[in-house]
Each structure stands twice: as C-alpha cells, then as structure tokens.
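For reference, the chains in residue letters:
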Amino acid sequence: MRNNEQNYTGQRRQGEYGRPATTQKKIVREINKDNYVEEAENVILEMKKMKDRGEKNAEITTTQLRNLLAMAADIYNTIMHQNSDALTEEIKSRIEYMKVRFFYEAGRNDGVKTMIEEANLMGVLKNIKGSRENYILFNRYMEALVAFHRYHGGKDN
C-alpha cells in the first residue's frame, strides 16, 4: 500500500511517527549571488501559503526572524573589516556556534524551525566552507528573508 492510500478498513495509512503520510517532495533550496533574492521571496510565499492553510508551524514573527538575522549580522560586521577571503578560525567557530543557536531557536518554536528548513539555512551555512564571499551571500539571504517577510505582511503577532 502506498502513502495516503486507504487500507481495507477505509483508514488512511500513517507515515513515520504517526503523522499522515505525504507524497509531497521537500524543496531543497540552493542559493547563489544570482538567485538568493528570488529564493528568499519563494520561501516567504511558501510559508504564507502554509499559514493560509492553517498550519500553525508556519507562523513566525518579524522579531523571531530578526533575532536570527542579528546573530548573522554580528559576524557579518566582523568579516567586513577583514581583507582576506578566507575566514579566520575565530569566525568559523562563531559560525558553528550560530548553528547551535539556530537549532535552539528552532527547538523553541515550530515557526522558526519551519523557516530554517524551508530556507535551507543549515545547508547554506554548511556551504560557507570558510569563504568570506559565501558568508556575505548567506547574510544577504537572511536580510532578504526579513525584507520579504515584512513586505508580504509579516507582523509581530
């Protein structure tokens, strides 16, 4: 029996962990300097659709999103004063700690978790690989997410 097919009792099959099984594929977003703005808007529009369908895990406030950006901006401000394209060990360590903080915030709030997953923020962070240019791209992506969230009606409710 496939996912979402009814069994002989007429009940829908359950997916892993008792949740309804789904056949919808998850989009893994890859960003670059040419598409990060479009990808950020797509993330926010998808979150808006999820919220409109009544999914509580898609609700995120501007403040929650700006808190994630603040963590990234602190590192961004430091690397903007560096001349080298390679990030220092101290900066790499701060990025690793930021990942921990992102996971913590995701654990505290389902909306933050959904945002981090929809935007593939952990994948984007992983792809920084010690590059100043890649970190700048990540930070701009974060800024675009905040901007589009606000533009498309994101509020602090």
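Preceding this section is the structure that the text describes.
Residues numbered from 1 in each chain as written. Predicted model: local features only at pLDDT ≥ 70, side-chain atom pairs only at ≥ 80, totals over all residues. Heavy atoms only, no water.

A.B. asks: Would you take a moment to explain the nonpolar core for this structure?
C.D. replies: The nonpolar side chains of soluble globular proteins are, as a tendency, buried together. The biggest cluster of nonpolar side chains holds 40 residues, and the ones touching the most others in it are Phe102, Tyr135, Phe138, Tyr141 and Leu145. Every element with two or more residues in this core is listed here: helix H1 (36-52), helix H2 (62-79), helix H3 (89-108), helix H4 (110-118), helix H5 (121-126) and helix H6 (132-151). In terms of residue count, H6 provides more of this core than any other element does, ten residues in total. Apart from the residues lying within four places of it in its own chain, the contact partners of tyrosine 135 are Ala72, Ile75, Tyr76, Ile79, Leu87, Ile95, Met98 and Ile128. (Core = buried A, V, L, I, M, F, W, Y, C linked by side-chain atoms within 4.5 Å. Buried < 20%, exposed > 50% of the residue type's maximum accessible area, 1.4 Å probe, protein only. Helix = DSSP H or I, 4+ residues; strand = E, 2+ residues; numbered from the N terminus. Contact = heavy atoms within 4.5 Å.)

A.B. asks: What's the story with a positive patch on the surface in this structure? I'm lost.
C.D. replies: A grouping of Lys48, Lys51, Arg66, Arg150 and Lys155 is seen on the molecular surface, where their side chains present a positively charged patch. Within the element layout of this structure, lysine 48 appears in helix H1. (Patch = residues over 30% accessible without salt bridge, like charges linked within 9 Å, V, L, I, M, F, W, Y side chains within 5 Å. Areas by Shrake-Rupley, 256 points an atom, 1.4 Å probe, with all protein chains shown as cover. Salt bridge = Lys/Arg side-chain N within 4 Å of Asp/Glu carboxyl O. Lys, Arg positive; Asp, Glu negative; His and termini not counted. Charge placed at Lys NZ, Arg CZ, Asp CG, Glu CD.)

A.B. asks: Looking at this structure, how should I read the pattern of salt bridges?
C.D. replies: Where charged atoms from two side chains of opposite charge come close, those side chains can pair. Inspection of the entire model under this criterion finds nine salt bridges. For arginine 53, the salt bridge is made with glutamate 46, and the minimal N-O distance between the two is 3.9 Å. The class of arginine 53 is exposed, set by a relative accessible area of 51%. Across the pair arginine 53 and glutamate 55 runs a salt bridge, and its minimum N-O distance is 3.1 Å. By sharing partners, the salt bridges in this structure join Glu46, Arg53 and Glu55 into a single network.

A.B. asks: Got a minute to help me understand H1 in this structure?
C.D. replies: Taking 1.5 Å per residue, 17 residues should reach 24 Å; H1 reaches 24 Å between its end C-alpha atoms and fits that length. Regarding H1, the residues found buried are Tyr36, Glu39, Ala40, Val43, Ile44, Glu46, Met47 and Met50. For H1, the buried positions fall inside an angular range of 160° around the axis, keeping them on one side. Opposite the packed face of H1, turned more than 90 degrees from it, sit the exposed residues Glu38 and Asp52. (Expected span 1.5 Å × (residues − 1). Arc of directions from axis to C-beta.)

A.B. asks: Is there a simple way to explain H6 in this structure?
C.D. replies: Taking 1.5 Å of rise per residue, the 20 residues of H6 would be expected to cover 28 Å, and the 28 Å separating its terminal C-alpha atoms lies within 8% of that figure. Where H6 begins, the capping side chain belongs to serine 131, and its oxygen is found 3.3 Å from the backbone nitrogen of glutamate 133. Following H6 by one or two positions, glycine 153 adopts a phi angle in the positive range, close to 95°. (Polar contact = N/O pair within 3.5 Å; in protein donor to acceptor, adjacent residues only side chain to side chain.)

Any functional reading would require information beyond the geometric quantities listed.
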